[in-house]
Amino acid sequence: MSQLTVHVEPVIEDDVVLLTVPADVGFLGVLRTATAGLAARLHFALDEIEDLRIAVDEACAMLLAIASRDAELECRFSVTDDALSVEVAVNTVRGARLPAESSFAWKVLTALTTAASATAEGDRASIRLLTRRSP
């Protein structure tokens, strides 16, 4: 007779912080500060915190270049035990395109984070960044 054993891991809810600021370069400091604060909460090393701040700044710059007039930059931070995920999204002008994955901007994002991806559908674009804390 065989026995079925089920092991259930407890589900850990992510801490989520949502920030919405005008899609204007003058407000990027708010997002950089939030990024640094949340990364510090995860006990990231100082250089990891700075890399993530630069990556968020670069992602926002990419989105600001294609943002529609009077758009808002929406930033969703998801904090887990060992990682910080950041998704930045904005409404875009018609026909807007994000830089190609072979561009310098994408090289920066992929060098500074664990993973980076983007979507652009209709009049909305978003960039997702994931950074895991070093062991």
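Residues numbered from 1 in each chain as written. Predicted model: local features only at pLDDT ≥ 70, side-chain atom pairs only at ≥ 80, totals over all residues. Heavy atoms only, no water.

As recorded by an unreviewed UniProt entry, the protein chain carries the name Anti-sigma regulatory factor and is attributed to Phytohabitans maris.

## Here's the deal with the sheet that holds strand β5 (residues 124-132)
For sheets, the rule is that strands pair by backbone hydrogen bonds, running either parallel or antiparallel. With antiparallel pairing, the five strands of this open sheet are ordered in space as β1-β2-β3-β5-β4. At either end of the open sheet lies a strand with only one pairing partner, and these are β1 (15-22) and β4 (115-121). The sheet shows a mean angle of 15 degrees between the axes of neighbouring strands, direction not considered. Of the strand pairs in this sheet, strand β3 (residues 83-91) and β5 are connected by nine bridges, and their pairing is antiparallel. Bridged to Val 88 within β5 is Ile 127. Across the sheet, helix α1 (residues 28-41) lies against β1, β2 (72-79) and β3, angled at about 0 degrees from β2, the strand it touches most. Contacting β2, β3 and β5, helix α2 (residues 46-64) runs over the sheet at an angle of about 170 degrees to β5. (Pairing = 2+ DSSP bridges. Helix = DSSP H or I, 4+ residues; strand = E, 2+ residues; numbered from the N terminus. Axes fitted to C-alpha atoms, helices over the stretch in contact; angles between N-to-C directions. Contact = heavy atoms within 4.5 Å.)

## Brief notes about the pattern of salt bridges
Throughout the structure, instances matching the rule amount to six salt bridges. With its nearest N and O atoms 2.6 Å apart, the salt bridge here joins Asp 57 to Arg 32. Residue Asp 57 is found in helix α2, and its partner Arg 32 is found in helix α1; the two are separated by 25 residues along the sequence. For Arg 32, a relative accessible area of 26% corresponds to the partly exposed category. Between Arg 53 and Glu 50 there is a salt bridge; the shortest N-O distance is 3.3 Å. Here the residue Arg 53 and the residue Glu 50 both occupy positions in helix α2, the gap between them amounting to three residues, near one helical turn. Classification of Arg 53 by relative accessible area gives partly exposed; the value is 25%. (Salt bridge = Lys/Arg side-chain N within 4 Å of Asp/Glu carboxyl O. Buried < 20%, exposed > 50% of the residue type's maximum accessible area, 1.4 Å probe, protein only.)

## Some thoughts on helix α3 (residues 104-112)
Burial in α3 covers these residues: Ala 105, Trp 106, Val 108, Leu 109 and Leu 112. One side of α3 holds all its buried residues, which, seen down the axis, span an arc of 155 degrees. Facing away from the buried side of α3, by more than 90 degrees, are the exposed residues Phe 104 and Ala 111. Buried residues belonging to α3 abut α2, β4 and β5. (Arc of directions from axis to C-beta.)

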